[in-house]
Structures are given as structure tokens and as C-alpha cells.
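Structure assessment
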Amino acid sequence: MSGGNIVARLPFPVAARKELGDAQLRANLRNATHTIRDKRLRMVGEVPDWEELRRSGAAIKDDVLSRLPELLTQFEAAATAAGATVHWARDAAEACAVVTALVRDTGTAEVVKVKSMVTQEIGLNDSLEAAGIAAVETDLAELIVQLAGDTPSHILVPAIHYNRSQIRDIFHRNGLSALTDDPPALAEAARRHLRAKFLSARVGISGANFAVAESGTLVVVESEGNGRMCLTLPETLISVVGIEKILPTFRDLEVFLQLLPRSSTGERMNPYTSLWTGVTPGDGPQTVHIVLVDNGRTETLADDVGRQALRCIRCSACLNVCPVYERVGGHAYGSVYPGPIGAILSPQLSGGGANRTLPYASTLCGACYDACPVRINIPEVLVHLRQTGPHPPAERAAMRALSWIMRDRRRYAAALRAARRGAAPIRWATGRRGAVRHLPWPLSKWTSTRDAPLPAKQTFREWWAHERTR
Amino acid sequence: MKVALFVTCVNDLVFPGTGRAVVEVLERLGHTVEFPVEQGCCGQMHANSGYREEALPLVANFVKTFDGYDAVVGPSGSCVAMVRDWYPKLAPDSGEVVARTYELSEFLVDVLGVTDVGATFPHRVTYHPTCHGLRMLRLGDRPRRLLESVRGLELLDLPGAEECCGFGGTFAMKNAGVSGAMLADKCRSIVDTGAEYVAAVDNSCLAHIGGGLSRAGGPAKPIHYAEILAAS
Ligand code: SF4
């Protein structure tokens, strides 16, 4: 069982239609993704052994996936020995129940959070709210989205779909005043708002980018320093971590701390890297809980081809280079994991309904595979997932018929001849344009945005037979 | 060398001129081309759309048809990528023919060592590198080098050249809206170059781009680069 905010409500083409109509959104996305994309390329270009680093990253993660139970047990033992309490959650509901109970036990009604995909995935904020606990997002972009009553649309830049003046309006509506829409002024308004929250919060909730098995250490990589406040100021820290975040040894971090910042923000090094291991008496949180979340990961692990999606380090490079993401944004994917990685991860973590349309939300152009720091062959997994999906009966029938025809030379030649002949009257009707504007269903989907070409007057094999064989 | 032409199904039915152009270029360079009539479709449409079972007989037919040739040359980045990238995964016994299947530019530049094929085409041309040629086959600048050696041809840079045109096989129909948005951007870049022709290594992408240009009424025309190389 798995669940939470992974399942799309609308099929991708339907959700995409709505987003495509928003010209402002497309302009915002184009600007933002192209800026990060170019920066990433520059930073990656600086590293002479980038390809070797990618291979190492992929190999370390593959090793982790091949012996995950063993490493998780090792992590639990090390973290426990360092004074943390480790909890296990099979699915979203269980994870939310564990965290909510832990917060309730502290008697507090407000928690501060540092950005964490997995808490989005399990829908933690809603669960806390239902228990009368307010969760304050402290990552600037996440805060913007929360204040707007919206959902994130990008893994790393959740508010990527807004521009500065839209953000200023959102702040104003929520009583955060910024005099101008300059980024420093907006950041200052957020800082004042958050500072009060940090100083009063007794519980912090975090995710983790990595969890080191040999030492029980958790790692958070961030840009703003707000995470560090969440991790050190409250008395109680609850970290919610997907089971695939494990790395075997401390040394392995070396590879990922090079791969992650360059791939995600296009920086040589991220400004803040926080590592903590259990409890340190008299310093930082005195109660530390770690909730290890499965939520569909074990099932994903069982698939030979699909499991590579679990190598993902959530850098978002694949989103920023994806031409489909660039046109429709994250909301069209309907899941907390948007873009190319979402198209392969969401259907695997939770396989039904509208998520089945996600593997088709790609042209298989391969830009994501080239960008991915851990070499996830996203096109390969997309095609693999398309094979397991239910196919529309008319499409299945057509594919079967075409396969039957195309595998036999006589049937194939006859079909080509028939298609060529059938097109003759249409060609005559279209005159010199030689292209068709409207075709009947299902080809009408082609002619909705572009003209269609017509079969030639003579197929190639007819020409060959006529000119070359005698 | 015993060279077989793999013409691809789209070329056979809709763009036979591309197949004729490959024959013309290879013969001009002194090679004998054979066209094994047993050939059908490579199975890309089936495999990429999730119909593995339906693709397998087509894969088997390809392997059987082209086994025994020194080289198989196809004027399509995506069909050749299907053979080279996917066949070993779909059918582990697909054999050596996979490694001997070349996209035209690879065959000309790498195997024959030729960049000037003796063509003349006095026009302004821009080149769109299609995704499978670019990222699966890693054709690199081979097609551009061939075009640059054509007499009279003025090669114009295409801004955002490496961005997908939005075709993607059945994607163009299943996600027609997104496909159309990507196409619109690609067509705008092409028209802005002021080129008379947009060339590419794949007629399927060109059919999509050409359909967009024709709908928008732009002056640029799609052309398969093999047809430029065959022009004299
Ligand atoms: S799939 Fe690769 S590129 Fe995409 S977010 Fe994950 S690690 Fe980054």
C-alpha cells in the first residue's frame, strides 16, 4: 500500500490543457528554467571528471538499492546508539500518524518545517492541521506557496510558477509587508515573519537529503539557512526520511555533495550543509526522532528496470531541461513529483488512475537522461512503464494489425500500395498545397495543430521495383 | 562493400524521395546499394508506445532481412537508434547486424571517411538536430559537416536547436496540446533564421515541423538532409 499526494486527479493531457492556456505561467517557467539550465551547464562544464562522478553516484546508489534492508538496519542501530529514536512507516497514513502522535505528545500547536519532499508526499501538513497543529514552512519558496494556499510546482523551486510581483501580492494578502518587489525586500519581509516563528517553535520537522548508514547521520543541503534554524533551535526534531536516502559510508557523501548543488541550483557548493547524528547533550534538539518511510518504495525496488528511479537525489535538473515541463509546469503532473522524474516515480510509487497517463507525458527526447547526475535512464523507464499500462482497445487493435502487416513483405507491400492509392483523391482535392488540414478521428488529433503530409504518388519499393530490378 | 538500404516505413510510403536520395549519394561515391524487399518497419512505434509483444516480430524480421550485409544504412536517426539502442534490450539475440546499422551521416563520415559528397544546393538552410540523432546516436556535428561541404549552401544557426520539436511519435496525438506548443516555438525559431529550408535527419520530425510551418504559412520548407546531399 502506498498513498498520499502522489496520485494525480486528472489525466495529464487534461491537466496540461488548463496550464497551457496560462501565458503568464509559460513565460515565468521559461525564464526560470532557462536561467537555471544555463547555470547548471556552466558549472558542470567546470568539472573535468563530471561523467566519472555521475557514474560513481549511480554505482553507489545501485549498491544501496541492492542491499537496502541490511543498510537500513545498520542505520537504525547507529542512529539509536547516538540517541535518536527510529520509527518505521509502511505508507503515508502510517507515517502521518507517527509524526502527528509525536508532535501531540510535546503539547505544542505549531511546528516549523524545513523543506522536505517526503512530508509533501505523505500529506503531513493536512494531517497535522486535522490534529489542530499548524505547520509553518520555512523555506522561502515553500512559504510563498503555503501563503498562497497553493501546492508546489517544482522540486527545488516550489514557487517557480510565480514572478516577483505576484509574490509581493501574496505577501500583502497575508500581512507580510514588502515595500518593493525586489528580491531582497521580499526576502527581508519573509525573514521578519519567520524569525518570530523560529524563536517560539518547540518542534522542528525536517526531511533529509542523505542518511549515512555507518554513523546514523542525517544530512540536509540548503541555500537559505532557514533549515539550520529548524534543525538547531527547537527542543524536539522529527526527521521524515524516505528509505532510499541511505548512503553506506560517510565518504560517499563526497560524491553527492559535488553532484547535487551543481545539478540543482548550478552552484559549486550549496551555502548550508547540515549534518547531525542523534542527540548532543546541551546542544541542539534534545529529543530526536527519525521516521523511515516506505510508501511504495519496496514495490518499486522489485522492478528490475524501474528501480533506478530510486537513485534520484531530487536535484530537479531533469525538470529544468524538460521541454514538456517547460510548457505546462508542475501542476499538470498532478503529483508532488513533477517533470520527468515524476513521470516515472509517481506511477511506480502509486500506480493507478490518472498516474497511468504520466509515462506518456514525454517525447522521449532524452534531455533528462543527459542531465541526471545519477544517470537515471528516464526514457527507458518511461517506455518500460508504457508496456505495463492498459492500452485503449482501438489503439491496441491498430497496433496489432500494423504489426501483422509490417512483418510480412507481401502484406506490407500491398498495404503501402493501398494507402498510396487511397490518398490519390485527397491529393487531387488538396491541389498544390499537398498537405491536409483536417483528418477524421483519431488523426484529427494530428491536424488539430499541424497539417498532415500525404502518401507519395509512388512508394519507394514501387520505384525500386520499377527502376532497379530487371 | 555490400551496403543495404534500410528505407524505414515513413520514407517508403510518404517520403520515397529520401530513399532515392540515399541511393543517389552512395552510388555517386561508387558503392552498390541493395534494397532487400523483405524489410518492413523497425518496430519503433510499437516499442515506444508500449507494445513490446507487437514489436518483437518486426525486430526479428529486421534482423533476418539484414543479416549478412556489411553495412545497413538508414536515413533516420530515430529508426537507427531503435535498432542500436533498443534491439539488444528487446531481443538479446539480435546479433551483429545491430552494430553494423548506421545512420547515413555516420556511414558517410565514419565508415567511408567522406564529408564532401559532391553536392550543390544554392540555398539558405538551417539544421534541426533531432533528439534521437542527437542524444541516442550522438551524431554530433556529422550532418552539419556534410551540409557545410555542399556547394552554394549557406548554413544558418538555429537558436535553441537542441530543443525537441514536440513530435515524439504518438506523443503528437496523445498530448496534442503540449506537442503543438513545442512545435510553435520551434517553428518561430526556424522562421526567424530567414532560412528557405529546414533540414533534419528524420522525416517524421520534419513531417511534424513541416505541418506546423505549412499551417502557419511560413516560407521555410522542410527537407531531409539526404535530399540536399543528392542535389547537384
Ligand atoms: S531524476 Fe535525476 S535529474 Fe531528475 S531530480 Fe532525480 S536526480 Fe535529479
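Residues numbered from 1 in each chain as written. Chains lettered and ligands numbered in written order. Predicted model: local features only at pLDDT ≥ 70, side-chain atom pairs only at ≥ 80, totals over all residues. Heavy atoms only, no water.

Another aspect to go through is the overall build of chain A. When its secondary structure is counted, chain A shows 22 helices and twelve strands. Its C-alpha atoms put chain A at 95 × 55 × 45 Å along the principal axes. A burial count over chain A gives 55% of its 470 residues as buried. For chain A, long-range pairs separated by at least 24 residues make up 75% of all intrachain contacts whose partners lie at least 6 apart in sequence. Of the roughly 19800 Å² that chain A leaves accessible, carbon and sulfur atoms contribute 55%. Mean positive and mean negative side-chain charge positions of chain A (57 and 47 charges, respectively) differ by 13 Å. (Helix = DSSP H or I, 4+ residues; strand = E, 2+ residues; numbered from the N terminus. Buried < 20%, exposed > 50% of the residue type's maximum accessible area, 1.4 Å probe, protein only. Contact = heavy atoms within 4.5 Å. Areas by Shrake-Rupley, 256 points an atom, 1.4 Å probe, with all protein chains shown as cover. Lys, Arg positive; Asp, Glu negative; His and termini not counted. Charge placed at Lys NZ, Arg CZ, Asp CG, Glu CD.)

Moving on: the overall build of chain B. Across its full length, chain B carries twelve helices and eight strands. Dimensions along the principal axes, computed over C-alpha positions, put chain B at roughly 45 × 45 × 25 Å. Counting only residues that meet the buried cut, chain B has 65% of its 232 residues in that class. In the form shown here, chain B has an accessible surface area of approximately 7500 Å², with 51% of it arising from carbon and sulfur atoms.

Residues and elements named next belong to chain A. Its identity is not glycine, yet S316 carries a phi of approximately 75°, on the positive side. For S316, the location among the structural elements is in the loop between α13 (297-301) and α14 (317-321). For S316, a relative accessible area of 2% translates into the label buried. If you check the backbone angles, R375 has positive phi at about 50° while not being a glycine. Counting through the fold element by element, R375 comes out in the loop between α17 (367-371) and α18 (378-388).

All right, on to the interface of chain A and chain B then. Where interface size is quoted, it is often the accessible area lost as the parts come together. Tallying the contact residues gives 65 residues for chain A and 64 residues for chain B. With both chains or domains summed, chain A and chain B bury close to 5600 Å², and 60% of this area falls on carbon and sulfur atoms. Its largest share of buried area at the contact with chain B, chain A owes to M399(A), R450(A) and F460(A), together 13% of the area lost on that side. Residues E380(A) and K89(B) are paired through a salt bridge, measuring 3.5 Å at the closest nitrogen-oxygen approach. Taken together, the links from chain A to chain B amount to 29 residue pairs in polar contact (both at pLDDT 80 or more). (Buried area = accessible area lost by both parts, 1.4 Å probe. Salt bridge = Lys/Arg side-chain N within 4 Å of Asp/Glu carboxyl O. Polar contact = N/O pair within 3.5 Å; in protein donor to acceptor, adjacent residues only side chain to side chain.)

Moving on, we come to the site of the ligand. What surrounds the ligand is a group of 13 residues, the closest being C312(A), C315(A), S316(A), C318(A) and C372(A). Tallied by class, residues from the shell around the ligand come to eleven nonpolar, one polar and one charged. (Near = heavy atom within 4 Å. Nonpolar A, V, L, I, M, F, W, Y, C, P; charged D, E, K, R; others polar.)

Residue and element names in this part refer to chain A. If you walk across this open sheet you meet the four strands as β8-β5-β6-β9, and the pairing is mixed. At either end of the open sheet lies a strand with only one pairing partner, and these are β8 (246-247) and β9 (272-276). Two strands pair when backbone bridges link them, and strand β5 (residues 210-212) and β8 are joined in this way by two bridges, in the parallel orientation. Looking at β8, one finds that A211 is bridged to I246. With respect to the sheet, helix α12 (residues 253-264) is in contact with β5, β6 (217-222), β8 and β9, its orientation differing from that of β5 by roughly 170°. (Pairing = 2+ DSSP bridges. Axes fitted to C-alpha atoms, helices over the stretch in contact; angles between N-to-C directions.)

According to the domain assignment, chain A contains domain 1 (12-299) and domain 2 (393-469). With centres defined by C-alpha atoms, the gap from domain 1 of chain A to domain 2 of chain A works out at 52 Å. (Domains from an automatic or database assignment.)

A word on the confidence of the model for chain B. If pLDDT is low for a region, its predicted coordinates should not be looked at in detail. Of the residues in chain B, 100% reach a pLDDT of 70 or more, and the chain-wide mean stands at 95. Among the prediction metrics, the complex's ipTM stands at 0.95, with pTM recorded as 0.94. (pLDDT = per-residue confidence, 0-100.)

The next subject is the UniProt feature "domain: LUD" (unreviewed entry) in chain A. Sequence positions flagged by UniProt for "domain: LUD" (unreviewed entry) are, in local numbering, residues 73-293 of chain A. Within the segment residues 73-293 of chain A, helix and strand shares are 42% and 21% respectively, and the terminal C-alpha atoms sit 14 Å apart. (UniProt positions renumbered as here; feature names shortened; annotations may be inferred.)

With that settled, the discussion passes to the pattern of salt bridges. All chains considered together, the criterion is met by 44 salt bridges over all chains. Among the ionic pairs, E38(B) bridges to R409(A), the shortest N-O distance being 3.7 Å. Taken together, the positions of E38(B) in the loop between β2 (33-34) and α3 (44-48) and R409(A) in helix α20 (residues 409-430) put the pair across two chains. Residue classification places E38(B) among the partly exposed residues on the basis of a relative accessible area of 37%. Given the relative accessible area of 33%, R409(A) is considered partly exposed. For the salt bridge of E148(B) with R144(B), the shortest nitrogen-to-oxygen distance reads 3.8 Å. Of this pair, E148(B) and R144(B) both sit in helix α8 (residues 142-148), four residues apart, roughly one helical turn. With a relative accessible area of 49%, E148(B) lands in the partly exposed category. Residues joined in a network through salt bridges with shared partners are R30(A), R37(A), E326(A), R327(A), E163(B), D185(B) and R188(B).

As a further point, take the pairing of strand β8 (residues 221-224) of chain B. Residues and elements named next belong to chain B. Bridge analysis of strand β7 (residues 197-200) against β8 gives four bridges, and the strand direction is parallel. Bridging across to β8, A200 finds its partner in H224. The β-α-β motif built from β7, the intervening helix α11 (residues 203-216) and the parallel element β8 has right-handed crossover chirality. (Right-handed = clockwise from strand over helix to strand, strands pointing away.)

A few words now on the packing of helix α8 (residues 140-147) of chain A against helix α9 (residues 164-173) of chain A. Residue and element names in this part refer to chain A. Taken N-terminus to C-terminus, the directions of α8 and α9 make an angle of 60°; their axes are 9 Å apart at the nearest point. As judged from the angle between their axes, α8 and α9 are oblique. In terms of crossing hand, the pair formed by α8 and α9 is left-handed. Along its contact with α8, which presents L140, I144 and L147, the element α9 presents I167, I170 and F171. Taken together, the residues that form the contact of α8 with α9 break down as six nonpolar, no polar and no charged. (Parallel < 35°, antiparallel > 145°, perpendicular 65-115°, else oblique. Left-handed = near helix turned anticlockwise from the far one by under 90°.)

Below, the discussion takes up helix α19 (residues 393-406) of chain A. Residue and element names in this part refer to chain A. An ideal rise of 1.5 Å per residue puts 20 Å on 14 residues; α19 measures up with 20 Å between its terminal C-alpha atoms. Along α19, the residues classified as buried are E395, M399, S403 and M406. Burial along α19 is one-sided: seen end-on, the buried residues are contained in an arc of 75°. (Expected span 1.5 Å × (residues − 1). Arc of directions from axis to C-beta.)

Inspection of helix α1 (residues 12-20) of chain A places F12(A), A15(A), A16(A), E19(A) and L20(A) among the buried residues, and these make up the whole buried set. All buried residues of α1(A) lie within an arc of 140° about the axis, which places them on one face of the element. Among the exposed residues of α1(A), those oriented more than 90 degrees off its buried face are R17(A) and K18(A). Here the buried face of α1(A) lies against α2 (23-46) and α15 (323-328) of chain A together with α10 (176-193) of chain B.

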